[in-house]
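Observations on the model geometry
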Amino acid sequence: MSELAALDMCHKRAIFKHMTTQEREMFKQRCGGSWKLVLRFIMAGEACCRREKSQAIAGPGHSIAVTTSGAVYTFGSNNSGQLGHDGLEEEWRPRPIRSLQGIRIIQAAAGAGRTMLVSDAGRVYAFGKDSFGEVEYGVQGSRVVTTPQMVESLKDIYIVQAAIGNFFTAVLSREGCVYTFSWGSDMKLGHQTEPNDVQPHLLTGPLENIPVVQIAAGYCYLLALACQPSGMSVYSVGCGLGGKLGHGSRTDEKYPRLIEQFQTLNIQPVVVAAGAWHAAVVSKDGRVCTWGWGRYGCLGHGNEECESVPKVVEALGSVKAVHVATGDYTTFVVSDKGDVYSFGCGESSSLGHNTIIEGNNRHSNVLSPELVTSLKRTNERVVQVSLTNSIYWNAHTFALTESGKLYAFGAGDKGQLGTELVAQQNERGAPERVEIDLS
């Protein structure tokens, strides 16, 4: 999520229709008493998602695929039961989670050793490491959950999206409220909690009275795409290392703060993505902005400089973007024509540039956006990309096409590509189709 968090916000209109009169009035008050803003909230939610309802998530060592009918397949590493198959064995091929039969899943999120799923009834299911805030790499908790279990503390809140960051977890309600778990020992998210806290806490501050349509979680920080009378805006909260909060400094923020640079650039954000150390936005007119730590060229500005405020990626000036995905020093952009561009760290062949030219190998870093020609050759229109957003795992990448085909490349040593590699190989440089139909 994306990790976009590839949220199925197209359900928002239907969700609103099923609200009671009292719930609608309460939601209207949350939108400042304006039915115009209510409509904008619903339409903005629809605009920040793909029309397709399937999705694929390239998690840290494991993968999740959700079909249009809401079935869930998982594969890859399973050391904490994060595949949901009632065991700890790795899976090298997509395997359906049988215990979810009869439950339609609309959104998924993956963390190190953890998986979260959101159903069309607003329920959240979690499995893997039994912690909402455990560090990504280190001593594992004493308990793991090997089959999907409903999160009881969220049963009275209708959830439409979940996002897993390092040290914390966040969820978004249908009314546009953001709740977080854990990572509050230093008031980093405006509340005081412990890592094993299982109670959701409303994200306090400015967003208490502003509806949010999408959230994105990175390494110790959170982005929120919010709907205001003046248009769409982005708020950030958490760790400011590298300038990834977008406020012109590297200081932490305990409460959500508006990123003002978008107003200066005259940009209306419609999609947000939070990588480990950098972030990105797609605007309504198809421009792409990036900011944060620029190591390996992950910002796409032709250098490795940090940017503490959002900056337009000029090299994509002739491209109308509709989707962006970020990982650990890596960025992918999908155009309205279904073309894919990538830039940043080339480790694990996760950028998809498999061709070896003039001594440069497929592991080379890319400082400016380059067309992923290996995906172009599939003659498929790509609609969504997901890549591993982790600083401790080798990355892999998924590209989902309009026809429901799924292509994978990058690290595959745990089976996370959905296909077995030939002997002595632990990665794949060129996209190969995963034998699963998500349409």
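Residues numbered from 1 in each chain as written. Predicted model: local features only at pLDDT ≥ 70, side-chain atom pairs only at ≥ 80, totals over all residues. Heavy atoms only, no water.

The name given to the chain in an unreviewed UniProt entry is RCC1-like domain-containing protein, with Brachypodium distachyon as the source organism.

With that settled, consider the sheet that holds strand β28 (residues 427-434). The four strands are arranged β25-β26-β27-β28 in an open sheet whose pairing can be described as antiparallel. Each having just a single partner strand, β25 (382-387) and β28 make up the two edges of the open sheet. With direction set aside, neighbouring strand axes in the sheet form an average angle of 15 degrees. Here strand β27 (residues 406-411) runs beside β28; their pairing, made up of five bridges, is antiparallel. Bridge pairing links Leu406 to Val434 in β28. (Pairing = 2+ DSSP bridges. Helix = DSSP H or I, 4+ residues; strand = E, 2+ residues; numbered from the N terminus. Axes fitted to C-alpha atoms, helices over the stretch in contact; angles between N-to-C directions.)

It is worth spelling out the state of the cysteines at this point. Scanning all chains against the criterion turns up zero disulfides. Cys298 forms no disulfide, and the closest cysteine sulfur to it belongs to Cys306, at a distance of 8.5 Å. Residue Cys298 is classed as buried on the basis of its relative accessible area of 0%. Since its relative accessible area comes to 26%, Cys306 is described here as partly exposed. (Disulfide = S-S within 2.5 Å. Buried < 20%, exposed > 50% of the residue type's maximum accessible area, 1.4 Å probe, protein only.)

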